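# Descriptive structure summary
Residues per chain, in single letters:
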Amino acid sequence: MNEENGVEKKGAEKQFDIFAWANNLARVKNELETEFFVVNKKYSVYHLPVASELKPQIAPVFLYEILNEIEKGAGLGLEIREYEKSEAEPGVLLYSTRAQVNNAKVVLDTIENQRRDIETFNEYDHEFKTIKMIVAKFSHKDFQPFYIVKGISGASSLNERSAWEIGSSGKLEEFKAATAFKVPTDNQVLIAEDRIFAFSPKKFEAMFGYAYKQQAIADKKVEQILARYQLNFPEGQDLNTLISGRTKTINKLQDLELGTKTQEEIVSYSENMALDLMTADDGAIIIMDGHDVDTFVSLLNDDFMTSDLTGLKYEIKGKKMLDTSGGE
């Protein structure tokens, strides 16, 4: 792949020069329209209205530092490299694509194609404790809309039930806001056209549940699973798409040893453990959704047991082989 001045060439893939983009954007940075969204741990999207008095703070907190970093990088020879083929290191900005990062694609598709269906967030109908990121959508008549994303900790947010404040009088007072949270000031993720630029790779991975190297190992395990087991999926779905973004299951696939259980043994064991996997008329195991994927992989990983003492059934969260040799 030829990469020069931020332009990536890969077959028919659309080119994108982040340095030229930032330079052109800087000319209209004070003319941008902004819309905010928050996203929870299940990647549900909510609209977040902004009070007019807060608007002057938006660009300094979200936009200016990213433009400055790109401009500075242009002068210092910042290299633009593909996230999936490179390691994070000084002087390198990693990028991925919407198509590659499934959870980012879900969020952006919701904002762009289902805008009328997005609910406006409020603390009384929704749960801010579950929010994991805030998305600023920037628009201008001469630019394709772009997004700046920052991770936020909903779990550490404050509300009137759990916090007090020191008022302008210097006295301890009742907390007046429905919810308060801290917005990070560091550069994290920029999404422009089809590119996702990870200014902070670790935060990018955490926000979107994207761990490419683990996913690559999982993809190989998926190939082995499909070669050994007969599975049935809903139209338009397959094992790769259903596993994508499911961190717990991807982690299990890293060290999964295949070949120890036949199809018939998996089905029989599922029935004995009263799990809800179903089979088609031809004996194929039906995988309808992510829950079925988790159950199926857990069966392959031998993550269930029945207590000989009580007869109760358990899912094993952690396994450690006992030393039964009797040696010291």
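In short, a report on the structure. Bear in mind that the values here come from a model prediction, so they are computed numbers and not experimental data.

### As for unusual backbone geometry
Positive phi outside glycine occurs at Glu193, with the angle close to 55 degrees. Position of Glu193 relative to the elements: it lies in the loop between β12 (189–192) and β13 (195–198). Even without being glycine, Asp302 reaches a positive phi, approximately 60 degrees. By the element assignment, Asp302 lies in the loop between α9 (290–300) and β17 (304–306). Under the relative-accessibility criterion, Asp302 is labelled partly exposed at 36%.

### Examining the environment of Leu25
Within the fold, Leu25 resides in helix α1 (residues 18–26). The exposure class of Leu25 is buried, given its relative accessible area of 0%. The sequence separation of Leu25 and Phe143 amounts to 118 residues, and the corresponding C-alpha distance is 8.0 Å. With residues near it in sequence (within four places) discarded, Leu25 still touches Leu32, Leu63, Leu67, Phe143 and Phe146.

### Comments concerning the environment of Leu78
Within the secondary structure layout, Leu78 lies in the loop between α2 (55–76) and β5 (79–82). Residues Leu78 and Arg195, spaced 117 residues apart in sequence, show a C-alpha to C-alpha distance of 17 Å.

### Examining the sheet that holds strand β4 (residues 45–48)
With mixed pairing, nine strands are arranged side by side in an open sheet as β5-β6-β13-β12-β9-β8-β3-β4-β7. Looking along the sheet, the strands with just one partner apiece sit at the ends: β5 and β7 (119–120). Relative to strand β9 (residues 143–151), strand β8 (residues 131–140) runs antiparallel, the two being bridged by seven bridges. Across the sheet, Met133 pairs through a bridge with Gly151, a residue of β9. The sheet contacts of α1 involve β5, β6 (92–97), β9, β12 and β13, and relative to β9 the element is tilted by about 100 degrees. Packed on one face of the sheet, α2 meets β3 (33–40), β8, β9 and β12 and runs near 105 degrees to β9.

### Quick look at the pattern of salt bridges
Applying the stated rule across the entire model yields 13 salt bridges. Ionic pairing is found between Asp194 and Arg195, a salt bridge with its closest N-O pair at 3.0 Å. Asp194 gets classed as partly exposed once you look at its relative accessible area, which sits at 26%. Each of Glu79, Arg81 and Glu89 takes part in salt bridges that share partners, so that together they form one network.

### Remarks on the side chain of Asn187
Inspection of the secondary structure assignment puts Asn187 in the loop between β11 (172–174) and β12. Polar side-chain contacts of Asn187 include one of 3.2 Å to the backbone oxygen of Glu65. At 2.6 Å, the side chain of Asn187 and the side chain of Glu69 are in polar contact. Residues within four places of Asn187 in sequence aside, it is in contact with Glu65, Ile66, Glu69, Lys150, Phe199 and Ser200.

### A few points about α2
Residues that lie three or four places apart on an α-helix share one face, since the helix turns once every 3.6 residues. For α2, with 22 residues, the first-to-last C-alpha span of 32 Å sits near the 32 Å given by 1.5 Å per residue. Looking only at α2, the buried set comprises Ile58, Ala59, Phe62, Leu63, Ile66, Leu67, Ile70 and Gly73. Looking at the packing, one finds that the buried side of α2 touches α1, β3, β8, β9 and β12. Just downstream of α2 lies Gly77, where phi reads positive at about 80 degrees.

### Topic: the sheet that holds strand β14 (residues 231–232)
Read across the sheet, three strands follow the order β14-β16-β15 without closing on themselves; strand pairing throughout is mixed. Of all strands in the sheet, those bounded by a partner on one side alone are β14 and β15 (278–279).

Reading the values: rules and limits
- Residues numbered from 1 in each chain as written.
- Predicted model: local features only at pLDDT ≥ 70, side-chain atom pairs only at ≥ 80, totals over all residues.
- Heavy atoms only, no water.
- Helix = DSSP H or I, 4+ residues; strand = E, 2+ residues; numbered from the N terminus.
- Buried < 20%, exposed > 50% of the residue type's maximum accessible area, 1.4 Å probe, protein only.
- Contact = heavy atoms within 4.5 Å.
- Pairing = 2+ DSSP bridges.
- Axes fitted to C-alpha atoms, helices over the stretch in contact; angles between N-to-C directions.
- Salt bridge = Lys/Arg side-chain N within 4 Å of Asp/Glu carboxyl O.
- Polar contact = N/O pair within 3.5 Å; in protein donor to acceptor, adjacent residues only side chain to side chain.
- Expected span 1.5 Å × (residues − 1).

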